[in-house]
Amino acid sequence: MEIRFSPEEEAFRAEAREWLATNIPQTVRPESADLRARRDWDMAWQRRMYDAGWAGISWPREFGGRGATLMEQLIWYEEYARAGAPDVNTGFVGLKHAGPTLIACGTEEQKRYHLPRILRGDVVWCQGFSEPNAGSDLAALQTRAEIDGDHLVVTGQKIWTSFAQIAQFQELLVRTDPEAPKHKGITWVICPMGLPGMEIREIRTMAGSSDFCEVFYDEVRIPRANIVGALNDGWNVAMSTLSFERGTAFLSEQVRLTRLVDQLIEMARHTPLGAGTALADDEVGRRLALLRAEVEALRAMTYRSVSRTARTGVPSAEASLIRLFFSELQQRVFALAMEILGPEILAWDADGAPSRVTPEHAGAASWVSHHLTAFSSTIAAGSKDIQRNIIGDRILGLPR
Ligand SMILES: Cc1cc2nc3c(=O)[nH]c(=O)nc-3n(C[C@H](O)[C@H](O)[C@H](O)COP(=O)(O)OP(=O)(O)OC[C@H]3O[C@@H](n4cnc5c(N)ncnc54)[C@H](O)[C@@H]3O)c2cc1C
(Lines give C-alpha, C1' and ligand atoms only; values in the text may rest on other atoms or scores of the structure.)
Protein backbone atom coordinates (compact mmCIF):
# COMPACT_ATOMS: atom_id res chain seq x y z
CA MET A 1 0.00 0.00 0.00
CA GLU A 2 1.23 3.45 -0.84
CA ILE A 3 -0.91 6.39 0.21
CA ARG A 4 0.68 9.80 0.29
CA PHE A 5 -1.21 12.96 -0.51
CA SER A 6 0.62 15.43 -2.74
CA PRO A 7 0.39 19.22 -2.14
CA GLU A 8 -2.10 19.40 -5.05
CA GLU A 9 -4.23 16.73 -3.40
CA GLU A 10 -4.10 18.55 -0.07
CA ALA A 11 -5.21 21.73 -1.87
CA PHE A 12 -8.07 19.76 -3.43
CA ARG A 13 -9.02 18.55 0.06
CA ALA A 14 -9.07 22.12 1.41
CA GLU A 15 -11.23 23.31 -1.49
CA ALA A 16 -13.69 20.43 -1.07
CA ARG A 17 -13.86 20.92 2.69
CA GLU A 18 -14.57 24.62 2.37
CA TRP A 19 -17.25 24.20 -0.29
CA LEU A 20 -19.00 21.46 1.67
CA ALA A 21 -18.88 23.45 4.92
CA THR A 22 -20.77 26.32 3.35
CA ASN A 23 -23.09 24.42 1.04
CA ILE A 24 -24.45 21.26 2.65
CA PRO A 25 -28.23 21.45 3.06
CA GLN A 26 -29.44 23.06 6.25
CA THR A 27 -32.77 21.26 6.08
CA VAL A 28 -33.26 17.56 6.90
CA ARG A 29 -34.16 15.18 4.05
CA PRO A 30 -37.87 14.27 4.32
CA GLU A 31 -37.62 10.62 5.45
CA SER A 32 -41.40 10.24 5.46
CA ALA A 33 -43.31 7.85 3.26
CA ASP A 34 -43.53 10.69 0.73
CA LEU A 35 -40.90 9.47 -1.71
CA ARG A 36 -41.54 12.35 -4.08
CA ALA A 37 -40.57 14.86 -1.44
CA ARG A 38 -37.41 12.86 -0.76
CA ARG A 39 -36.60 12.73 -4.48
CA ASP A 40 -37.10 16.50 -4.88
CA TRP A 41 -34.83 17.16 -1.91
CA ASP A 42 -32.12 14.81 -3.24
CA MET A 43 -32.30 16.26 -6.73
CA ALA A 44 -32.07 19.85 -5.43
CA TRP A 45 -28.83 18.92 -3.61
CA GLN A 46 -27.54 17.15 -6.74
CA ARG A 47 -28.26 20.30 -8.78
CA ARG A 48 -26.37 22.41 -6.27
CA MET A 49 -23.29 20.19 -6.57
CA TYR A 50 -23.61 20.23 -10.35
CA ASP A 51 -23.76 24.01 -10.53
CA ALA A 52 -20.60 24.26 -8.42
CA GLY A 53 -18.70 21.62 -10.43
CA TRP A 54 -18.72 18.89 -7.78
CA ALA A 55 -21.21 16.47 -9.35
CA GLY A 56 -19.93 13.28 -11.01
CA ILE A 57 -16.60 13.45 -9.23
CA SER A 58 -15.18 10.52 -11.25
CA TRP A 59 -17.04 11.21 -14.50
CA PRO A 60 -15.28 12.60 -17.57
CA ARG A 61 -15.35 16.38 -17.90
CA GLU A 62 -16.86 16.19 -21.39
CA PHE A 63 -20.10 14.91 -19.84
CA GLY A 64 -20.19 17.49 -17.06
CA GLY A 65 -18.21 15.48 -14.48
CA ARG A 66 -15.17 16.53 -12.51
CA GLY A 67 -12.75 13.96 -13.97
CA ALA A 68 -11.08 13.51 -10.58
CA THR A 69 -8.25 11.03 -10.03
CA LEU A 70 -8.84 8.03 -7.78
CA MET A 71 -7.01 9.76 -4.93
CA GLU A 72 -9.13 12.87 -5.34
CA GLN A 73 -12.24 10.70 -5.32
CA LEU A 74 -11.08 9.14 -2.06
CA ILE A 75 -10.46 12.60 -0.59
CA TRP A 76 -13.85 13.88 -1.83
CA TYR A 77 -15.75 10.95 -0.33
CA GLU A 78 -13.89 11.36 2.96
CA GLU A 79 -14.62 15.07 3.15
CA TYR A 80 -18.18 14.49 2.01
CA ALA A 81 -18.86 12.08 4.85
CA ARG A 82 -16.88 14.12 7.38
CA ALA A 83 -19.05 17.17 6.56
CA GLY A 84 -22.17 15.07 7.17
CA ALA A 85 -23.33 15.64 3.57
CA PRO A 86 -26.38 13.61 2.50
CA ASP A 87 -26.03 10.09 1.10
CA VAL A 88 -26.95 9.63 -2.52
CA ASN A 89 -30.29 7.90 -1.75
CA THR A 90 -32.80 8.21 -4.62
CA GLY A 91 -29.97 9.24 -6.96
CA PHE A 92 -28.08 5.98 -6.40
CA VAL A 93 -28.87 4.03 -9.57
CA GLY A 94 -28.41 6.97 -11.93
CA LEU A 95 -25.17 8.15 -10.39
CA LYS A 96 -23.58 4.87 -9.35
CA HIS A 97 -24.90 2.34 -11.89
CA ALA A 98 -26.56 3.65 -15.02
CA GLY A 99 -24.28 6.65 -15.53
CA PRO A 100 -21.01 4.67 -15.18
CA THR A 101 -22.44 1.92 -17.42
CA LEU A 102 -23.38 4.39 -20.13
CA ILE A 103 -19.92 5.94 -19.90
CA ALA A 104 -18.38 2.49 -20.39
CA CYS A 105 -20.77 0.95 -22.93
CA GLY A 106 -23.27 3.56 -24.22
CA THR A 107 -23.43 5.10 -27.70
CA GLU A 108 -22.44 8.75 -28.12
CA GLU A 109 -26.12 9.66 -28.45
CA GLN A 110 -27.07 7.80 -25.27
CA LYS A 111 -24.25 9.47 -23.35
CA ARG A 112 -25.07 12.98 -24.60
CA TYR A 113 -28.75 12.60 -23.80
CA HIS A 114 -28.65 10.84 -20.43
CA LEU A 115 -25.43 11.75 -18.60
CA PRO A 116 -26.03 15.49 -18.17
CA ARG A 117 -29.61 14.83 -17.04
CA ILE A 118 -28.39 12.41 -14.36
CA LEU A 119 -25.67 14.77 -13.17
CA ARG A 120 -27.98 17.80 -13.04
CA GLY A 121 -30.49 15.88 -10.92
CA ASP A 122 -33.18 16.12 -13.60
CA VAL A 123 -34.00 12.40 -13.51
CA VAL A 124 -34.11 9.38 -11.19
CA TRP A 125 -33.17 5.91 -12.45
CA CYS A 126 -34.04 2.50 -11.09
CA GLN A 127 -32.54 -0.95 -11.61
CA GLY A 128 -34.63 -3.76 -13.08
CA PHE A 129 -32.29 -6.72 -12.66
CA SER A 130 -33.70 -9.05 -9.95
CA GLU A 131 -36.69 -11.31 -10.53
CA PRO A 132 -38.59 -13.65 -8.19
CA ASN A 133 -36.39 -16.55 -9.39
CA ALA A 134 -33.26 -14.62 -10.31
CA GLY A 135 -31.41 -12.81 -7.51
CA SER A 136 -28.01 -14.26 -6.61
CA ASP A 137 -28.29 -16.30 -9.79
CA LEU A 138 -29.06 -13.23 -11.87
CA ALA A 139 -28.34 -14.96 -15.18
CA ALA A 140 -31.46 -17.11 -14.60
CA LEU A 141 -33.64 -14.11 -15.42
CA GLN A 142 -36.74 -14.86 -17.51
CA THR A 143 -38.25 -11.49 -18.49
CA ARG A 144 -38.19 -11.81 -22.25
CA ALA A 145 -37.97 -9.35 -25.10
CA GLU A 146 -38.91 -10.17 -28.67
CA ILE A 147 -37.68 -8.06 -31.54
CA ASP A 148 -40.41 -6.48 -33.61
CA GLY A 149 -38.99 -4.10 -36.22
CA ASP A 150 -37.40 -1.16 -34.41
CA HIS A 151 -38.73 -2.23 -31.02
CA LEU A 152 -38.18 -4.74 -28.25
CA VAL A 153 -41.44 -6.11 -26.87
CA VAL A 154 -40.96 -6.94 -23.19
CA THR A 155 -43.07 -9.30 -21.06
CA GLY A 156 -42.26 -10.50 -17.54
CA GLN A 157 -41.67 -9.33 -13.97
CA LYS A 158 -38.95 -7.66 -11.89
CA ILE A 159 -38.85 -7.42 -8.10
CA TRP A 160 -37.05 -5.38 -5.41
CA THR A 161 -36.83 -2.46 -7.83
CA SER A 162 -35.85 0.41 -5.53
CA PHE A 163 -37.53 3.74 -6.36
CA ALA A 164 -39.40 2.40 -9.43
CA GLN A 165 -42.41 4.53 -8.46
CA ILE A 166 -40.48 7.82 -8.74
CA ALA A 167 -38.04 6.97 -11.53
CA GLN A 168 -38.05 8.25 -15.10
CA PHE A 169 -35.73 5.53 -16.47
CA GLN A 170 -34.82 1.97 -15.66
CA GLU A 171 -31.74 -0.07 -16.49
CA LEU A 172 -33.48 -3.25 -17.54
CA LEU A 173 -32.08 -6.73 -18.18
CA VAL A 174 -34.14 -8.86 -20.57
CA ARG A 175 -33.70 -12.25 -22.23
CA THR A 176 -33.46 -11.74 -25.97
CA ASP A 177 -32.22 -15.22 -26.95
CA PRO A 178 -33.90 -18.01 -24.98
CA GLU A 179 -31.94 -20.68 -26.93
CA ALA A 180 -28.48 -19.36 -25.97
CA PRO A 181 -26.60 -20.44 -22.79
CA LYS A 182 -28.04 -18.41 -19.89
CA HIS A 183 -25.24 -15.79 -19.68
CA LYS A 184 -25.29 -15.22 -23.44
CA GLY A 185 -28.87 -14.34 -24.39
CA ILE A 186 -29.36 -11.27 -22.17
CA THR A 187 -29.64 -7.61 -23.27
CA TRP A 188 -29.22 -4.38 -21.23
CA VAL A 189 -31.78 -1.79 -22.25
CA ILE A 190 -32.87 1.70 -21.20
CA CYS A 191 -36.55 1.51 -20.32
CA PRO A 192 -38.46 4.80 -19.96
CA MET A 193 -40.82 4.39 -17.00
CA GLY A 194 -44.57 4.71 -17.50
CA LEU A 195 -44.71 3.07 -20.94
CA PRO A 196 -48.04 1.39 -21.82
CA GLY A 197 -48.14 -2.16 -20.39
CA MET A 198 -46.04 -1.40 -17.28
CA GLU A 199 -47.50 -1.81 -13.82
CA ILE A 200 -45.74 -0.89 -10.57
CA ARG A 201 -46.70 -2.29 -7.15
CA GLU A 202 -45.03 -1.04 -3.98
CA ILE A 203 -43.63 -3.44 -1.35
CA ARG A 204 -43.68 -2.29 2.28
CA THR A 205 -40.63 -3.22 4.40
CA MET A 206 -40.35 -3.75 8.16
CA ALA A 207 -38.56 -0.37 8.40
CA GLY A 208 -41.90 1.21 7.45
CA SER A 209 -40.83 2.44 4.03
CA SER A 210 -41.92 1.37 0.54
CA ASP A 211 -38.71 2.02 -1.36
CA PHE A 212 -39.05 -1.27 -3.23
CA CYS A 213 -41.47 -2.24 -5.97
CA GLU A 214 -42.50 -5.11 -8.15
CA VAL A 215 -42.65 -4.11 -11.83
CA PHE A 216 -44.77 -6.03 -14.34
CA TYR A 217 -44.35 -5.79 -18.13
CA ASP A 218 -47.06 -6.81 -20.55
CA GLU A 219 -45.85 -6.39 -24.13
CA VAL A 220 -44.07 -3.15 -23.34
CA ARG A 221 -42.55 -1.63 -26.49
CA ILE A 222 -39.07 -0.15 -26.07
CA PRO A 223 -37.18 1.38 -29.03
CA ARG A 224 -34.31 -0.81 -30.18
CA ALA A 225 -32.08 2.27 -30.07
CA ASN A 226 -32.28 1.99 -26.27
CA ILE A 227 -30.10 -1.13 -26.19
CA VAL A 228 -26.80 -0.45 -24.43
CA GLY A 229 -23.86 -2.49 -25.76
CA ALA A 230 -24.65 -5.23 -28.25
CA LEU A 231 -27.84 -7.29 -28.48
CA ASN A 232 -27.35 -10.45 -26.33
CA ASP A 233 -24.21 -9.00 -24.67
CA GLY A 234 -26.09 -7.58 -21.67
CA TRP A 235 -24.35 -9.87 -19.20
CA ASN A 236 -21.01 -8.21 -19.87
CA VAL A 237 -22.63 -4.76 -19.73
CA ALA A 238 -24.30 -5.68 -16.40
CA MET A 239 -21.02 -6.90 -14.92
CA SER A 240 -19.43 -3.50 -15.52
CA THR A 241 -22.36 -2.01 -13.57
CA LEU A 242 -21.93 -4.40 -10.67
CA SER A 243 -18.18 -3.88 -10.42
CA PHE A 244 -18.97 -0.19 -9.81
CA GLU A 245 -21.49 -1.14 -7.15
CA ARG A 246 -18.93 -3.30 -5.35
CA GLY A 247 -16.07 -0.84 -5.90
CA THR A 248 -15.85 2.87 -5.18
CA ALA A 249 -19.61 3.39 -4.80
CA PHE A 250 -19.51 2.55 -1.09
CA LEU A 251 -16.55 4.73 -0.09
CA SER A 252 -18.54 7.51 1.49
CA GLU A 253 -20.82 5.05 3.32
CA GLN A 254 -17.72 3.59 4.96
CA VAL A 255 -16.52 6.97 6.16
CA ARG A 256 -20.02 7.75 7.38
CA LEU A 257 -19.94 4.59 9.49
CA THR A 258 -16.88 5.94 11.33
CA ARG A 259 -18.87 9.05 12.21
CA LEU A 260 -21.76 6.92 13.40
CA VAL A 261 -19.51 4.92 15.73
CA ASP A 262 -18.28 8.20 17.22
CA GLN A 263 -21.91 9.29 17.66
CA LEU A 264 -22.69 5.94 19.29
CA ILE A 265 -19.87 6.47 21.77
CA GLU A 266 -21.33 9.89 22.60
CA MET A 267 -24.78 8.39 23.01
CA ALA A 268 -23.37 5.74 25.39
CA ARG A 269 -21.75 8.53 27.39
CA HIS A 270 -25.18 10.06 28.03
CA THR A 271 -27.30 6.91 28.41
CA PRO A 272 -27.86 5.76 32.00
CA LEU A 273 -27.02 2.13 32.80
CA GLY A 274 -27.13 0.75 36.35
CA ALA A 275 -25.57 3.31 38.67
CA GLY A 276 -23.52 4.95 35.89
CA THR A 277 -23.62 5.35 32.11
CA ALA A 278 -23.52 2.79 29.32
CA LEU A 279 -20.02 3.97 28.39
CA ALA A 280 -18.75 3.23 31.90
CA ASP A 281 -19.94 -0.36 31.62
CA ASP A 282 -16.96 -2.68 30.95
CA GLU A 283 -18.70 -4.83 28.37
CA VAL A 284 -20.25 -1.92 26.42
CA GLY A 285 -16.93 -0.04 26.58
CA ARG A 286 -15.03 -3.07 25.27
CA ARG A 287 -17.45 -3.54 22.36
CA LEU A 288 -17.38 0.15 21.46
CA ALA A 289 -13.57 0.10 21.45
CA LEU A 290 -13.62 -2.94 19.19
CA LEU A 291 -16.05 -1.26 16.78
CA ARG A 292 -13.85 1.85 16.72
CA ALA A 293 -10.83 -0.31 15.85
CA GLU A 294 -12.84 -2.15 13.19
CA VAL A 295 -13.90 1.03 11.38
CA GLU A 296 -10.22 2.06 11.32
CA ALA A 297 -9.37 -1.37 9.86
CA LEU A 298 -12.07 -0.84 7.24
CA ARG A 299 -10.54 2.49 6.34
CA ALA A 300 -7.07 0.91 6.00
CA MET A 301 -8.50 -1.84 3.78
CA THR A 302 -10.18 0.78 1.59
CA TYR A 303 -6.96 2.80 1.27
CA ARG A 304 -5.10 -0.35 0.30
CA SER A 305 -7.68 -1.28 -2.33
CA VAL A 306 -7.77 2.26 -3.81
CA SER A 307 -3.98 2.36 -3.85
CA ARG A 308 -3.83 -0.96 -5.71
CA THR A 309 -6.54 0.08 -8.18
CA ALA A 310 -4.70 3.38 -8.82
CA ARG A 311 -1.57 1.36 -9.67
CA THR A 312 -3.16 -1.39 -11.77
CA GLY A 313 -6.22 0.44 -13.16
CA VAL A 314 -8.36 -2.65 -12.46
CA PRO A 315 -10.84 -2.90 -9.54
CA SER A 316 -9.75 -5.98 -7.56
CA ALA A 317 -11.78 -8.75 -5.93
CA GLU A 318 -10.75 -7.12 -2.63
CA ALA A 319 -13.83 -4.92 -3.12
CA SER A 320 -15.92 -7.97 -2.13
CA LEU A 321 -13.88 -8.38 1.04
CA ILE A 322 -14.39 -4.75 1.98
CA ARG A 323 -18.08 -4.84 1.11
CA LEU A 324 -18.63 -7.96 3.23
CA PHE A 325 -16.71 -6.61 6.23
CA PHE A 326 -18.52 -3.26 5.94
CA SER A 327 -22.02 -4.72 5.74
CA GLU A 328 -21.54 -7.05 8.73
CA LEU A 329 -19.76 -4.35 10.75
CA GLN A 330 -22.62 -1.94 10.09
CA GLN A 331 -25.08 -4.47 11.49
CA ARG A 332 -22.93 -4.90 14.64
CA VAL A 333 -22.81 -1.12 15.15
CA PHE A 334 -26.60 -0.73 14.99
CA ALA A 335 -27.27 -3.87 17.04
CA LEU A 336 -25.10 -2.42 19.85
CA ALA A 337 -27.03 0.86 19.58
CA MET A 338 -30.24 -1.12 20.18
CA GLU A 339 -28.71 -2.86 23.19
CA ILE A 340 -27.61 0.45 24.67
CA LEU A 341 -31.03 2.05 24.13
CA GLY A 342 -32.85 -1.05 25.41
CA PRO A 343 -35.13 -3.45 23.53
CA GLU A 344 -38.25 -1.36 24.23
CA ILE A 345 -36.91 1.25 21.80
CA LEU A 346 -38.08 -1.09 19.03
CA ALA A 347 -41.73 -0.57 20.02
CA TRP A 348 -43.38 1.70 17.47
CA ASP A 349 -46.36 3.93 18.09
CA ALA A 350 -49.38 4.27 15.80
CA ASP A 351 -47.61 6.95 13.73
CA GLY A 352 -44.70 4.61 12.97
CA ALA A 353 -42.27 6.39 15.31
CA PRO A 354 -40.44 4.82 18.27
CA SER A 355 -42.79 5.08 21.22
CA ARG A 356 -40.07 5.59 23.82
CA VAL A 357 -38.40 8.79 22.70
CA THR A 358 -37.57 10.70 25.87
CA PRO A 359 -35.18 13.68 25.95
CA GLU A 360 -32.22 11.42 26.73
CA HIS A 361 -33.14 9.32 23.73
CA ALA A 362 -33.55 12.17 21.28
CA GLY A 363 -32.23 10.86 17.97
CA ALA A 364 -33.22 7.29 18.88
CA ALA A 365 -35.61 7.15 15.91
CA SER A 366 -32.74 7.34 13.47
CA TRP A 367 -30.84 4.54 15.29
CA VAL A 368 -33.91 2.30 15.09
CA SER A 369 -34.30 3.12 11.41
CA HIS A 370 -30.58 2.43 10.78
CA HIS A 371 -30.87 -0.90 12.63
CA LEU A 372 -33.90 -2.08 10.67
CA THR A 373 -32.48 -0.95 7.34
CA ALA A 374 -29.08 -2.54 8.01
CA PHE A 375 -30.56 -6.04 7.76
CA SER A 376 -30.72 -5.53 4.01
CA SER A 377 -27.06 -4.56 3.69
CA THR A 378 -25.92 -8.20 3.68
CA ILE A 379 -28.37 -8.94 0.85
CA ALA A 380 -28.28 -5.95 -1.53
CA ALA A 381 -25.54 -5.73 -4.19
CA GLY A 382 -24.74 -9.43 -3.80
CA SER A 383 -25.53 -11.27 -0.56
CA LYS A 384 -22.86 -11.99 2.05
CA ASP A 385 -22.72 -15.61 0.92
CA ILE A 386 -22.09 -14.57 -2.67
CA GLN A 387 -19.35 -12.18 -1.48
CA ARG A 388 -17.80 -15.09 0.46
CA ASN A 389 -17.94 -17.24 -2.68
CA ILE A 390 -16.09 -14.51 -4.62
CA ILE A 391 -13.47 -14.17 -1.86
CA GLY A 392 -12.96 -17.95 -1.71
CA ASP A 393 -12.73 -18.23 -5.46
CA ARG A 394 -10.81 -15.13 -6.57
CA ILE A 395 -8.75 -14.11 -3.53
CA LEU A 396 -8.08 -17.39 -1.72
CA GLY A 397 -8.08 -19.57 -4.85
CA LEU A 398 -10.15 -22.27 -3.12
CA PRO A 399 -11.53 -25.08 -5.29
CA ARG A 400 -15.17 -24.57 -6.31
C1 LIG B 1 -32.01 -2.92 0.03
C2 LIG B 1 -32.09 -3.68 -1.26
C3 LIG B 1 -32.24 -3.00 -2.45
C4 LIG B 1 -32.33 -3.70 -3.65
N5 LIG B 1 -32.53 -2.98 -4.79
C6 LIG B 1 -32.62 -3.64 -5.96
C7 LIG B 1 -32.87 -2.91 -7.16
O8 LIG B 1 -33.04 -1.69 -7.16
N9 LIG B 1 -32.95 -3.61 -8.32
C10 LIG B 1 -32.78 -4.97 -8.38
O11 LIG B 1 -32.82 -5.52 -9.47
N12 LIG B 1 -32.58 -5.70 -7.25
C13 LIG B 1 -32.51 -5.07 -6.04
N14 LIG B 1 -32.33 -5.78 -4.89
C15 LIG B 1 -32.34 -7.25 -4.95
C16 LIG B 1 -31.00 -7.89 -4.66
O17 LIG B 1 -30.11 -7.73 -5.74
C18 LIG B 1 -31.27 -9.37 -4.35
O19 LIG B 1 -32.04 -9.41 -3.16
C20 LIG B 1 -30.00 -10.14 -4.16
O21 LIG B 1 -29.32 -10.27 -5.37
C22 LIG B 1 -30.29 -11.55 -3.59
O23 LIG B 1 -31.23 -12.22 -4.39
P24 LIG B 1 -32.55 -12.87 -3.75
O25 LIG B 1 -33.20 -11.87 -2.86
O26 LIG B 1 -33.35 -13.43 -4.85
O27 LIG B 1 -32.02 -14.03 -2.80
P28 LIG B 1 -31.56 -15.51 -3.28
O29 LIG B 1 -30.61 -15.39 -4.44
O30 LIG B 1 -32.77 -16.35 -3.48
O31 LIG B 1 -30.77 -15.97 -2.01
C32 LIG B 1 -31.41 -16.54 -0.86
C33 LIG B 1 -30.32 -16.99 0.10
O34 LIG B 1 -29.52 -18.02 -0.50
C35 LIG B 1 -28.14 -17.64 -0.49
N36 LIG B 1 -27.50 -18.11 -1.73
C37 LIG B 1 -28.00 -17.99 -2.99
N38 LIG B 1 -27.12 -18.50 -3.89
C39 LIG B 1 -26.04 -18.92 -3.19
C40 LIG B 1 -24.79 -19.54 -3.55
N41 LIG B 1 -24.47 -19.78 -4.83
N42 LIG B 1 -23.91 -19.83 -2.56
C43 LIG B 1 -24.22 -19.56 -1.26
N44 LIG B 1 -25.39 -19.01 -0.86
C45 LIG B 1 -26.28 -18.68 -1.82
C46 LIG B 1 -28.14 -16.14 -0.41
O47 LIG B 1 -26.95 -15.65 0.18
C48 LIG B 1 -29.36 -15.87 0.47
O49 LIG B 1 -29.00 -16.00 1.83
C50 LIG B 1 -32.25 -5.12 -3.66
C51 LIG B 1 -32.11 -5.81 -2.47
C52 LIG B 1 -32.05 -5.13 -1.27
C53 LIG B 1 -31.93 -5.91 0.00
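Just above, that's the structure.
Each value, and the rule that gives it
Residues numbered from 1 in each chain as written. Predicted model: local features only at pLDDT ≥ 70, side-chain atom pairs only at ≥ 80, totals over all residues. Heavy atoms only, no water. Helix = DSSP H or I, 4+ residues; strand = E, 2+ residues; numbered from the N terminus. Rg over C-alpha atoms; globule rule 2.2 N^0.38 Å. Contact = heavy atoms within 4.5 Å. Lys, Arg positive; Asp, Glu negative; His and termini not counted. Charge placed at Lys NZ, Arg CZ, Asp CG, Glu CD. Buried < 20%, exposed > 50% of the residue type's maximum accessible area, 1.4 Å probe, protein only. Near = heavy atom within 4 Å. Polar contact = N/O pair within 3.5 Å; in protein donor to acceptor, adjacent residues only side chain to side chain. Nonpolar A, V, L, I, M, F, W, Y, C, P; charged D, E, K, R; others polar. Axes fitted to C-alpha atoms, helices over the stretch in contact; angles between N-to-C directions. Parallel < 35°, antiparallel > 145°, perpendicular 65-115°, else oblique. Patch = residues over 30% accessible without salt bridge, like charges linked within 9 Å, V, L, I, M, F, W, Y side chains within 5 Å. Areas by Shrake-Rupley, 256 points an atom, 1.4 Å probe, with all protein chains shown as cover. Salt bridge = Lys/Arg side-chain N within 4 Å of Asp/Glu carboxyl O. Core = buried A, V, L, I, M, F, W, Y, C linked by side-chain atoms within 4.5 Å. Phe/Tyr/Trp six-rings, centres within 6.5 Å; stacked < 30°, edge-to-face > 60°.

## Describing the overall build of the chain
Part 1 of the argument: A count of helical and extended segments in the chain gives 11 helices and 10 strands.
Part 2 of the argument: Computed over C-alpha atoms, the radius of gyration of the chain comes to 22 Å, within 12% of the 21 Å expected from 2.2 N^0.38 for 400 residues, which places it in the range of a compact globule.
Part 3 of the argument: Reported as C-alpha extents along the three principal axes, the dimensions of the chain are approximately 75 × 55 × 50 Å.
Part 4 of the argument: Put simply, of all contacts in the chain between residues at least 6 apart along the chain, 70% involve residues at least 24 apart.
Part 5 of the argument: For the chain, the distance from the average position of its 44 positive side-chain charges to the average position of its 52 negative side-chain charges is 3 Å.

## Considerations on the side chain of Glu 131
Part 1 of the argument: Mapping Glu 131 onto the fold places it in the loop between strand S1 (125–128) and strand S2 (144–148).
Part 2 of the argument: The exposure class of Glu 131 is buried, given its relative accessible area of 7%.
Part 3 of the argument: Not counting chain neighbours up to four residues away, the residues in contact with Glu 131 comprise Leu 141, Gln 142, Thr 143, Gln 157, Lys 158 and Ile 159.

## Side note on the site of the ligand
Part 1 of the argument: Surveying the vicinity of the ligand reveals 16 residues, the closest of which are Gln 127, Ser 130, Ser 136, Ser 383 and Asp 385.
Part 2 of the argument: Here an oxygen atom of the ligand and a backbone polar atom of Ser 130 are 2.7 Å apart.
Part 3 of the argument: Within the contact set of the ligand, an oxygen atom lies 2.4 Å away from a side-chain nitrogen or oxygen of Asp 385.
Part 4 of the argument: With 3 residues, helix H11 (residues 384–395) is the largest single contributor of residues to the shell around the ligand.
Part 5 of the argument: Here the residues of the shell around the ligand are counted per class, giving 6 nonpolar, 9 polar and 1 charged.

## Re the packing of helix H3 (residues 70–82) against helix H8 (residues 282–312)
Part 1 of the argument: Two numbers describe how H3 lies on H8: the axes approach to 9 Å, and their chain directions differ by 155°. Here H3 is positioned roughly antiparallel relative to H8, judged by the angle of their axes. Taken together, the residues of H8 that come into contact with H3 (itself represented by Leu 70, Leu 74 and Glu 78) are Arg 299, Thr 302, Tyr 303, Val 306, Thr 309 and Ala 310.
Part 2 of the argument: Considering only residue class, the contact of H3 with H8 consists of 5 nonpolar, 2 polar and 2 charged.

## Brief notes about the pairing of strand S4 (residues 169–175)
Looking along a regular strand, one sees the side chains alternate between the two faces of the sheet.
Part 1 of the argument: Where burial is concerned, most of S4 is hidden: 7 out of the 7 residues are buried.
Part 2 of the argument: Alternating positions in S4 separate into two faces, Phe 169, Glu 171, Leu 173 and Arg 175 on one and Gln 170, Leu 172 and Val 174 on the other, with burial throughout.

## What to know about a nonpolar patch on the surface
Part 1 of the argument: A cluster of nonpolar side chains, namely Leu 321, Ile 395, Leu 396 and Leu 398, defines an oily patch on the protein surface of about 340 Å² accessible area.
Part 2 of the argument: In this fold, Leu 398 is placed in the segment after H11.
Part 3 of the argument: Exposure remark for Leu 398: the relative accessible area of 46% places this residue in the partly exposed category.

## Here's the deal with the nonpolar core
Part 1 of the argument: Membership of the largest hydrophobic core comes to 48 residues, with the highest contact counts inside it found for Trp 76, Trp 125 and Trp 188.
Part 2 of the argument: Here the element with the most residues in this core is H3; it accounts for 6 residues.

## A closer look at the packing of aromatic side chains
Part 1 of the argument: Throughout the structure, instances matching the rule amount to 9 aromatic pairs.
Part 2 of the argument: Their ring planes at 65° and their centres at 5.7 Å tell us that Phe 12 and Trp 54 sit as a pair that is edge-to-face. Here Phe 12 is found in helix H1 (residues 7–23), whereas its partner Trp 54 is found in the loop between helix H2 (35–51) and H3, with 42 residues between them in sequence.
Part 3 of the argument: Geometrically, the ring pair formed by Trp 54 and Trp 76 is stacked, given 4.7 Å between the ring centres and 5° between the ring planes. With Trp 54 in the loop between H2 and H3 and Trp 76 in helix H3, the pair connects residues that are 22 residues apart, well separated along the chain.

## What about unusual backbone geometry?
Part 1 of the argument: Phi is positive for Asn 232, which is not a glycine, with a value near 70°.
Part 2 of the argument: Note on Asn 232: relative accessible area 24%, which makes it partly exposed.
Part 3 of the argument: At Ala 381, a position not held by glycine, the phi torsion is positive, near 60°.
Part 4 of the argument: Assignment of secondary structure puts Ala 381 in the loop between helix H10 (364–374) and H11.

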